[in-house]
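# Remarks on the overall topology
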Amino acid sequence: VAGLKPVDVDVVEAHGTGTALGDPIEAQAILAAYGQDRERPLLLGSVKSNIGHTQAAAGVAGVIKMVLALQHGVLPRTLHAEEPSSHVEWSAGAVELLTECAEWPRVEGRARRAGVSSFGLSGTNAHVVLEEPPVVAEPEPEPVSVPVVGGVVPWVVSGRTGAALRGQAGRLAEFVSADERLGVAEVGGALVRSRSLFEHRAVVWGSDRAELLRALESVATGEEALNTATGTARRDARTAFL
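None of the values given here were measured: they were computed from a predicted structure. (Residues numbered from 1 in each chain as written. Predicted model: local features only at pLDDT ≥ 70, side-chain atom pairs only at ≥ 80, totals over all residues. Heavy atoms only, no water.)

## Notes on the overall build of the chain
Quick note on the threshold: Working definition: helices are DSSP H or I runs of at least four residues, strands are E runs of at least two. Numbering for both runs from the N terminus. As defined in this context, the radius of gyration uses C-alpha atoms, and a globule is described by 2.2 Å times the residue total to the power 0.38. Any two residues whose heavy atoms approach within 4.5 Å at even a single point are treated as in contact. Computed by Shrake-Rupley with a 1.4 Å probe, the accessible areas treat only the displayed protein chains as cover when residues are assessed. Counting rule for charge: Lys and Arg are taken as positive, Asp and Glu as negative, and neither His nor the chain ends is counted. Charge positions are represented by NZ for Lys, CZ for Arg, CG for Asp and CD for Glu.
When helices and strands are counted, the chain shows six helices and ten strands. Taken over C-alpha atoms, the radius of gyration comes to 32 Å for the chain, far larger than the 18 Å a tight globule of 242 residues would show. Counting only C-alpha atoms, the chain reaches 90 × 40 × 30 Å along its principal axes. Residue pairs at least 24 apart in sequence account for 73% of intrachain contacts in the chain once pairs closer than 6 positions are excluded. When the accessible surface of the chain is summed, it comes to about 15000 Å², and 56% of that surface belongs to carbon and sulfur atoms. Positive and negative side-chain charges in the chain, numbering 22 and 30 respectively, have mean positions lying 8 Å apart.

Next comes the structure, spelled out in structure tokens:
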């Protein structure tokens, strides 16, 4: 149904019963189905060596392992598999055990793929082939700007001392001036929601970017302006607009 050949699959996550009867049967089936006519050996592993047998969730555990392996491009090692079982005729096909963690090999012209096997108590075998999703370039996020129509926007700044307050106002003015994408409402919201409040405070307000920047520069230089207000408050006090 998938229109794939055995050589189009890089790795198989085996059910891995861990028994002298079950493992050779599964391994020989994988050698016959996947291990023939390959330039590159099929890699074989089983998550049971890491977490044990999860009974009815065994197949799902294998799927989760392979999804994470696809995500990171790394194939986890299978524990306690340094010596291949003598009950399996490994020379019957090109299959290698994942005895060490390995980078998932990339085959030019196709996606990485993994087969996942799971056996039920009746001997029924479920096998699914997973394929990595195509790489989609994420578009650059467009700046979000909230237009202000006929309204006044306040910007609040604070500092531990009067000098710190003036310095904060100057740095904010430089930052906003350097990025035309920043909207006045965005800046005002960020100053209220995400900035610490200190004892020395100033509020500037205006209906456009230029007016607000001029007011900030007034605070930074210590000059008086009609659309600025400065003062001191307790550390635990909140800013209120009346």
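## Section: the confidence of the model for the chain
What counts is decided by this rule: A residue's pLDDT is the confidence the predictor assigns to it, expressed on a 0 to 100 scale.
When pLDDT is averaged along the chain, the result is 86, and 91% of the positions lie at 70 or above. Here helix H2 (residues 48-51) stands out as the element of the chain with the lowest mean pLDDT, 86, in contrast to strand E1 (residues 11-13), whose mean of 94 is the highest.

## Thoughts on the nonpolar core
Rule in force here: We define a nonpolar core as any set of buried Ala, Val, Leu, Ile, Met, Phe, Trp, Tyr and Cys residues linked to one another through side-chain atoms lying within 4.5 Å. Here's how the labels work: a residue is buried when its accessible area is under 20% of the maximum for its type, exposed when over 50%, partly exposed in between, all with a 1.4 Å probe on protein chains only.
Counting 20 residues, the largest nonpolar core has Trp 155, Leu 172, Val 204 and Leu 216 as the members making the most contacts within it. Breaking this core down by element, the ones donating at least two residues are strand E8 (153-159), helix H4 (162-177), helix H5 (184-193), strand E9 (200-206) and helix H6 (209-221).

## Regarding the pattern of salt bridges
Rule in force here: Salt bridges are counted wherever a side-chain nitrogen of Lys or Arg sits within 4 Å of a carboxyl oxygen of Asp or Glu.
If you walk through the whole model with that rule in mind, you get seven salt bridges. Glu 82 serves as the salt-bridge partner of Arg 77, at 3.3 Å between the closest nitrogen and oxygen. Arg 106 is paired through a salt bridge with Glu 132; the nearest N and O atoms lie 2.3 Å apart. Remark: Glu 132 occurs in the loop between strand E7 (125-131) and E8 and Arg 106 occurs in the loop between strand E5 (102-103) and strand E6 (113-119); sequence separation between them is 26 residues. Taking the relative accessible area as the measure of exposure, Glu 132 reaches 12% and is therefore buried.

## A closer look at the environment of Gly 45
Within the secondary structure, Gly 45 is located in strand E2 (residues 42-45). On the basis of relative accessible area, Gly 45 is assigned to the buried category, the value being 5%. The spatial distance from the C-alpha of Gly 45 to the C-alpha of Ala 92 is 18 Å, given a sequence separation of 47 residues. What Gly 45 contacts, discounting residues up to four positions off in sequence, is Val 12, Glu 13, Ala 14, Lys 65, Thr 78 and Leu 98.

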